[in-house]
Amino acid sequence: MTAEVLQLPDDPIVAPVLEIVRAEESVSIANHSIRSYLFARLLARDEGLIVAERTLFAACVLHDIGLTARGNGDQRFEVDGADAADAILAPLGVPAAERALIWEAIALHTSGGIAERRGPLAFLTRSGVGIDFGRGSTVISEEQAIAIHTAYPRLAMANSLVDAVVEQARGNPAKAAPYTFAGDLLREREAGAATGIERAAAAGRWGG
């Protein structure tokens, strides 16, 4: 059971993508990205959704690449991350049509009510991330959760993620326009309290 739950796709892009994520993201955020994929895959099986393993892996594992130096441009981190993911995947031989789906899933992963309407990949990417914050986690058994968290510990994930988003936003206000995910996190942090997403994660099934 453990080996199956933790198995990554047998595809040539997996090793280079993991190398980039582990080298350029914090351990906490990299682990979050991998857990998001593992949770999304379990959700796909539970709901009978068919998505190519490689495509789901790339969308989930690269969904926060916009929080790295590589991905830190002048757009929302989700859009910068989608652009960075596309630039990573193109030389690895991922076709343009597949990259377009991955781009959309990453760009929309914080856009509730939209991602869920844009097909199974966008839905599963957002949902996998959400499960890692404790939302919709009832599809994950306790045995599966223990295996995934043992292999990829949380390491105060919610705090680390908010720190990274806020640091970028403070450095470039264009990345935190009003009513965006980053803009909301920045305003909450500037008010001096824990953000809503940190409080929700801490109160959720997995803790922060």
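Conventions adopted
Residues numbered from 1 in each chain as written. Predicted model: local features only at pLDDT ≥ 70, side-chain atom pairs only at ≥ 80, totals over all residues. Heavy atoms only, no water. Helix = DSSP H or I, 4+ residues; strand = E, 2+ residues; numbered from the N terminus. Rg over C-alpha atoms; globule rule 2.2 N^0.38 Å. Buried < 20%, exposed > 50% of the residue type's maximum accessible area, 1.4 Å probe, protein only. Arc of directions from axis to C-beta. Contact = heavy atoms within 4.5 Å. Polar contact = N/O pair within 3.5 Å; in protein donor to acceptor, adjacent residues only side chain to side chain. Axes fitted to C-alpha atoms, helices over the stretch in contact; angles between N-to-C directions. Parallel < 35°, antiparallel > 145°, perpendicular 65-115°, else oblique. Left-handed = near helix turned anticlockwise from the far one by under 90°. Nonpolar A, V, L, I, M, F, W, Y, C, P; charged D, E, K, R; others polar. Core = buried A, V, L, I, M, F, W, Y, C linked by side-chain atoms within 4.5 Å. Phe/Tyr/Trp six-rings, centres within 6.5 Å; stacked < 30°, edge-to-face > 60°. Salt bridge = Lys/Arg side-chain N within 4 Å of Asp/Glu carboxyl O.

(A) The arrangement of the overall build of the protein in detail. A count of helices and strands for the protein gives eleven helices and zero strands. Along the protein, helices (α) and strands (β) appear in the sequence α-α-α-α-α-α-α-α-α-α-α when read from the amino end. Against the compact-globule benchmark of 17 Å for 208 residues, the protein has a radius of gyration of 16 Å, which places it among compact chains. Taken over the C-alpha atoms alone, the protein extends approximately 45 × 40 × 35 Å along its principal axes.

(B) Summary view of helix H2 (residues 14-24). Residues of H2 that are buried include every one of Val14, Val17, Leu18, Ile20 and Val21, and no others. On an axial view of H2, the arc spanned by its buried residues comes to 160°, and they lie on one face. Structural note: H2 exposes Ala15, Glu19 and Ala23 on the side pointing more than 90 degrees away from its buried face. Each element contacted by the buried residues of H2 is listed here: helix H3 (27-47), helix H4 (53-61) and helix H5 (77-89).

(C) Molecular detail of the side chain of Glu198. Along the polypeptide, Glu198 turns up in helix H11 (residues 196-203). Given the relative accessible area of 6%, Glu198 is considered buried. Here Thr195 takes part through its side chain, which lies 2.8 Å from a polar atom of the side chain of Glu198. With near-sequence residues (within four places) excluded, Glu198 lies in contact with Ala158, Asn159, Val162 and Arg189.

(D) Inspection of the packing of helix H9 (residues 157-171) against H11 at higher detail. Close contact between H9 and H11 brings their axes to 9 Å; oriented N to C, the two are set at 170°. Overall, the two elements H9 and H11 adopt an arrangement that is roughly antiparallel. Crossing angle aside, the handedness with which H9 passes H11 is right-handed. Taking contact as the criterion, the partners of Ala158, Asn159 and Val162 in H9 are, on H11, Ile197, Glu198 and Ala201. When grouped by side-chain class, the residues that make up the contact of H9 with H11 number four nonpolar, one polar and one charged.

(E) The nonpolar core, seen in detail. Core analysis: the largest hydrophobic core is formed by 47 residues, its most contacted members being Val17, Leu56, Phe57, Leu62, Leu89 and Leu124. Elements supplying a minimum of two residues to this core: H2, H3, H4, H5, helix H6 (96-107), helix H7 (120-132) and helix H8 (142-151). Element by element, the count of residues in this core is highest for H3, at nine residues. Membership of the second largest hydrophobic core comes to 19 residues, among which are Leu67, Phe77, Leu186 and Ile197.

(F) Here's a closer look at the packing of aromatic side chains. This structure, assessed with the given rule, holds three aromatic pairs. Here the aromatic rings of Phe39 and Trp206 are separated by 5.6 Å at their centres, their planes lie at 5°, and the arrangement is stacked. Highlighted residues: Phe39 in helix H3 and Trp206 in the segment after H11, separated in sequence by 167 residues. Overall, Phe39 belongs to the buried group, its relative accessible area being 0%. Looking at Trp206, the relative accessible area reads 15%, which means it is buried.

(G) Geometry of H8. Restricting attention to buried positions, one finds in H8 the residues Gln144, Ala145, Ala147, Ile148 and His149. As for H8, its buried residues are in contact with helix H1 (2-6), H3 and H7.

(H) Seen up close, the pattern of salt bridges. This model, assessed by the stated rule, comprises 17 salt bridges. In this structure, Arg170 and Glu190 form a salt bridge, with 2.8 Å as the shortest nitrogen-oxygen distance. Here Arg170 is found in helix H9, whereas its partner Glu190 is found in helix H10 (residues 181-190), with 20 residues between them in sequence. Assigned by exposure class, Arg170 and Glu190 land together as exposed. Between Arg187 and Asp184 there is a salt bridge, with its nearest N and O atoms 2.5 Å apart. You can see Arg187 and its partner Asp184 sitting in helix H10, three residues apart, about one turn around the helix. Overall, the relative accessible area of 42% leaves Arg187 in the partly exposed class. The class for Asp184 is partly exposed, based on a relative accessible area of 36%.

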